[in-house]
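# Geometric and topological summary
Residue-level listing of the chains:
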Amino acid sequence: MTIRSMLLAGAAAVMMTAGGAGAKTLVYCSEASPEGFDPAPYTAGTTFDASSKPVYDQLVEFKPGTTEIEPGLAESWDVSDDGLTYTFNLRKGVKFHSVEGFTPSRDFNADDVIFSFDRQGNKDNPYYAYAPGVSYEYYAGMDMPTIIKSIEKVDDYTVKFTLSEPNAPFLADLAMDFASIMSKEYADKLAGEDRKADINNVPVGTGPFSFVAYQKDAVIRYKANPDYFKGKTPVDDLIFAITPDPAVRMQKLQAGECQIMPYPSPADIQALRDDSNIKVDEQPGLNVAYLAYNTTQAPFDKPEVRKALNMAINKDAIIDAVFQGAGQVAKNPIPPTMWSYNKDIKDDAYDPEQAKKMLDEAGVKDLEMNIWAMPVQRPYMPNARRTAELMQSDLAKVGVTANIVSYEWGEYLKKSKDPTRDGAVILGWTGDNGDPDNFLAVLLGCSAAESGANRAFWCDQKFDDLITKARQSSDQAERTKLYEQAQEVFKEQAPWDTIAHSTVFMPMSTKVSGYVMSPLGGHDFYGVDISE
Amino acid sequence: MLRFIIGKILWLIPTLIGITIVAFGFVRVLPGDPVLLMAGERGLSPERHAELAHQLGFDRPLWQQYLDFIWQLAHGNLGDSLVTHKPVLGEFFALFPATLELGVCAMFLAVVIGVPIGVLAAIKRGSWFDQATMGTALVGYSMPIFWWGLLLIILFSGILQWTPVSGRISLMYYFPNGTGFMIWDALMSGQSGALASALSHLILPAVVLATIPLAVIARQTRSAMLEVLGEDYVRTARAKGMPPRRVVGVHALRNAMIPVITTIGLQVGMLMAGAILTETIFSWPGIGKWMVDSISRRDYPSVQGGLLMIALIVMFVNLIVDLLYGLINPRIRHR
């Protein structure tokens, strides 16, 4: 008897004794441990995959596979003509999960909605700082404290949000993970028992899966919610097998120890495609990697100099060498899957001769500059150091001496925000809510130039007027036009060299059906089935 | 003997104080700000940064933060993780059984295989066996753990399909109220197949983690043995006509064991370093991987608490080793 047949025999025995035969289990080889199960205090996708995606719902949700908004816990909503009031009509008869020590006595209602937002914005809410160091960075980061003026309960199934100024992306913000709706009844019970921190350990939501158990750094178990308001998901159990190393995830997938995995190494994609038991889905990521010049410092204050440097850099070579083909050259600051992406923009083509000429004409001679390379790997940038080296050798060909500098990640983020900093910074962004405002205003707006999130410190009045107008309009067609124009201004002024949008791969067993990749990058297993 | 033990334990106190300073200082010497790392690309305003730093106490002078740490420590509290917001001590003990189980098995393999090989190689000095094993030991000693682990997974789990790829037990077994020692839990669960599953998950990581200590122990045993075999009393014992088995097994081995036990004690510290890589490859939920994650997030309480606990354990093991010397060689006790 080999070890394997012993295992199989043992497994069969257990299946019979446990009576689990026929229960469908989907195993997902996740890439890291969640930081907790309350999505609001965190910003990492891994944490959302384990908390808001399976366990929670939001008032509005992203339609699977798109960045469009569809009804969630709110059945419908009305926006006032001035764009200042959003009234949500809540779904009736939605049940929260039961967990050990808590069985909900009532259905979801307006109190839960008020609680879920109030705790993040109101310092007097008992859950504002329920454990040391808890803070709601996403709520703050999406500017909710300024945007939301008040939230009122009209009746048990109607909630009214009043904004301080019209803000078109607001609806998409409400579909984000931080806006997950928690049970107030559960929170009150925990507070009464002086164990508020358990809201981050044992989540209670309305979502397609209810939480069963978490063994730290090893396994998370969920079971299907039979009462889910969109209908029960096809599998009975969902298991996250936490597997940090990508090569090991791939081995587990091939051995059948899990059926689906995120973030394969680009180098392994071909081998996975060649495996007849595995299929590989792919999609452009909702991200951008860029090189931001400091436009307040000479000679980078001149658009023609920035354009010349852009033309000196061979981006195709970066896609080949650094992204190993798992990416595409970026020409706009927003990715091509996003609405209002301007297809007609012409990128500054790679042309070292022309670049050299332009630099001469601009009077730039013997330029010595720094290129900042991030010390970490990010979804939009597999290897910043290597990218910087390629840029360095390209720039040398047009007579520019580039020095590569790097700092520890936290320092890097801080120092690169300093407007007196030198040279150009490699950085990137992954979209939060699928709205162009989330790229263009956050990374290139004038107020971002002041805060430093705009690493180019580029404040162009024309561009800023366009995106401000677009943010305040609720007419999608008008917004699209404004954003398209903004992208033209961006290209003329070239505050960045737009480097790449990475490609996201999702290898899975051919037995898996119904998995839809989200352009926002999260992993959601509602509706996924598995054949025996 | 009691005085000897008490003396040893008293010596641990200054060491312990030194360790608290190193553990506290180490993570703060590293560049990087935990508040900035929490925010990532999204960043946060200077006001918000100051507010959070204040909330976490990072705006106070270092000596004050250190005294707080000691004060908490005196109350048996290592603080709360900045990431999970849970008590560090609880996190440590949730993960420690996994590391201990892996470490003990690896050490067991290393000793049970390493010592006999070393002894045999010493007896048959210069033979093909000696040369082959010592050559292999040299390779084992210089083995890049990450590569070695992956190689074994690809061979035994991928191609031969003898062992599972990673994890501690098949996902179908689940012990909600387990001790965290998977072998024990599997045994106690009474489910047939659970123990086989736990062992089959343990074997590859244990072999990988045992590789370097095994090589070191085999080489150390061989050289200690050779030294002892050249001693006068061994020659005398042989001259008296004592059977070779007894000469080697009793007289020589006992004395050769002293440096070997020292090596084993030191290898426990090395095992922690090896555990970091081994746990990452085999998705083994232990403290090695936890420490790496905590360091990269600059989770100060987790790093300083974890380092302290690891240091305590290594110190404890070395204390045991010191006591073992006393058992093996009575002269040490009386010095």
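Residues numbered from 1 in each chain as written. Chains lettered and ligands numbered in written order. Predicted model: local features only at pLDDT ≥ 70, side-chain atom pairs only at ≥ 80, totals over all residues.

This part covers the overall build of chain B. A tally of helices and strands in chain B yields 14 helices and zero strands. Start at the N end of chain B and walk to the C end: the helices and strands fall as α-α-α-α-α-α-α-α-α-α-α-α-α-α. Here chain B holds 335 residues, and 39% of them are scored as buried. Put simply, 74% of the contacts in chain B that link residues at least 6 apart link residues at least 24 apart. (Helix = DSSP H or I, 4+ residues; strand = E, 2+ residues; numbered from the N terminus. Buried ≥ 20, exposed ≤ 12 C-beta atoms within 10 Å, placed from the backbone. Contact = placed C-beta atoms within 7 Å.)

Right, let's talk about the overall build of chain A for a bit. For chain A, the helix and strand inventory stands at 19 helices and 19 strands. Across the 532 residues in chain A, those meeting the buried criterion constitute 50%. Sequence-distant contacts, at least 24 apart, represent 70% of the contacts inside chain A between residues at least 6 apart.

A separate point is the nonpolar core. All names here are of chain A. With 156 residues, the main nonpolar core has Leu-59, Ala-292, Ile-426 and Leu-440 as its most contacted residues. Ranked by residues supplied to this core, first place goes to strand 17 (residues 496-509) with seven residues. Apart from the residues lying within four places of it in its own chain, the contact partners of Leu-440 are Pro-333, Ile-334, Gly-445, Ile-467, Tyr-483 and Ala-486. (Core = buried A, V, L, I, M, F, W, Y, C linked by C-beta atoms within 7 Å.)

A few words now on the UniProt feature "transmembrane region" (unreviewed entry) in chain B. Cross-referencing UniProt, the feature "transmembrane region" (unreviewed entry) maps to residues 9-30, 92-123, 144-163, 194-217, 264-287 and 307-328 of chain B in the present numbering. Along residues 307-328 of chain B, the helical share is 100% and the strand share 0%, with 31 Å between the first and last C-alpha atoms. (UniProt positions renumbered as here; feature names shortened; annotations may be inferred.)

Glancing now at the domain arrangement of chain B. Residues and elements named next belong to chain B. According to the domain assignment, chain B consists of domain 1 (2-60) and domain 2 (90-334). For domain 1 versus domain 2, the distance between C-alpha centres works out to 30 Å. At the interface, 15 residues of domain 1 touch 16 residues of domain 2. The biggest single contributor to the side of domain 1 that touches domain 2 is helix 1 (residues 2-29), with eleven residues. Taken together, the residues of the side of domain 1 that touches domain 2 break down into ten nonpolar, three polar and two charged. (Domains from an automatic or database assignment. Nonpolar A, V, L, I, M, F, W, Y, C, P; charged D, E, K, R; others polar.)

The interface of chain A with chain B comprises 53 residues on the first partner and 54 residues on the second. Breaking the side of chain A that touches chain B down by element, the ones donating at least two residues are helix 1 (3-18), helix 5 (137-141), strand 8 (209-215), strand 10 (237-241), helix 9 (246-255), helix 15 (409-415) and strand 16 (424-430) of chain A. Class assignment of the residues belonging to the side of chain A that touches chain B gives a composition of 28 nonpolar, 14 polar and eleven charged.

We now examine the sheet that holds strand 1 (residues 25-28) of chain A. Sheet strands pair by backbone hydrogen bonding; their relative direction is either parallel or antiparallel. Residue and element names in this part refer to chain A. Strand order in the open sheet formed by four strands is 1-10-9-8, and the pairing between neighbours is mixed. With partners counted over all chains shown, the strands left at the sheet margins are strand 1 and strand 8, one partner each. Ignoring strand direction, the axes of neighbouring strands in this sheet form an average angle of 20°. Pairing geometry for strand 9 (residues 219-224) and strand 10, over five bridges, is antiparallel. Paired with Arg-221 across the bridge in strand 10 is Ile-239. (Pairing = 2+ DSSP bridges. Axes fitted to C-alpha atoms, helices over the stretch in contact; angles between N-to-C directions.)

Residues and elements named next belong to chain A. Read across the open sheet, the four strands follow the order 4-5-7-6; overall the sheet is antiparallel. Each end of this open sheet is capped by a strand with a single partner; those strands are strand 4 (74-79) and strand 6 (148-155). This sheet shows a mean twist of 20° between the axes of neighbouring strands, independent of strand direction. The sheet contact formed by strand 4 and strand 5 (residues 85-90) spans five bridges and is antiparallel. Residue Trp-77 lies in a different strand from strand 5, and its bridge partner there is Phe-88.

Before going further, it helps to examine helix 7 (residues 145-159) of chain B. Owing to its 3.6 residues per turn, the α-helix brings residues three or four apart onto one side. For helix 7 of chain B, built from 15 residues, the straight-helix expectation of 21 Å at 1.5 Å per residue is met to within 8% by its first-to-last C-alpha distance of 20 Å. All buried positions along helix 7 of chain B are accounted for by Gly-149, Leu-152, Ile-153 and Ser-157 of chain B. Contacts made by the buried residues of helix 7 of chain B are with helix 9 of chain A together with helix 9 (194-229) and helix 11 (244-281) of chain B. Of the residues trailing helix 7 of chain B, Gln-161 of chain B is marked for its positive phi of about 55°. (Expected span 1.5 Å × (residues − 1).)

For the rest of this paragraph, the subject is the UniProt feature "domain: ABC transmembrane type-1" (unreviewed entry) in chain B. In the UniProt entry, the feature "domain: ABC transmembrane type-1" (unreviewed entry) is given for residues 96-325 of chain B. Between the end C-alpha atoms of residues 96-325 of chain B the distance is 28 Å, and the span holds 80% helix and 0% strand.

A few words now on the packing of helix 11 of chain B against helix 12 (residues 287-296) of chain B. Helix-helix packing: each pair is described by the crossing angle between the helix axes and the interaxial distance. All names here are of chain B. Viewed as axis vectors pointing N to C, helix 11 and helix 12 meet at an angle of 85°, and their least axial separation amounts to 7 Å. Between helix 11 and helix 12, the interaxial angle falls into the category roughly perpendicular. The segment helix 11 lies against helix 12, with Met-272, Ala-275, Ile-276, Glu-279 and Thr-280 engaging Gly-288, Lys-289, Met-291 and Val-292. The residue inventory of the contact of helix 11 with helix 12, partitioned by class, reads five nonpolar, two polar and two charged. (Parallel < 35°, antiparallel > 145°, perpendicular 65-115°, else oblique.)

What follows deals with the packing of helix 7 of chain B against helix 11 of chain B. Residues and elements named next belong to chain B. Interhelical geometry of helix 7 versus helix 11 gives an angle of 35° and a closest axis separation of 9 Å. Helix-helix and strand crossings are classified by hand; for helix 7 and helix 11 the assignment is right-handed. Each of Ile-145, Phe-146, Gly-149 and Leu-150 in helix 7 lies in contact with helix 11, whose residues at this interface are Gly-274, Leu-277, Thr-278 and Ile-281. (Left-handed = near helix turned anticlockwise from the far one by under 90°.)

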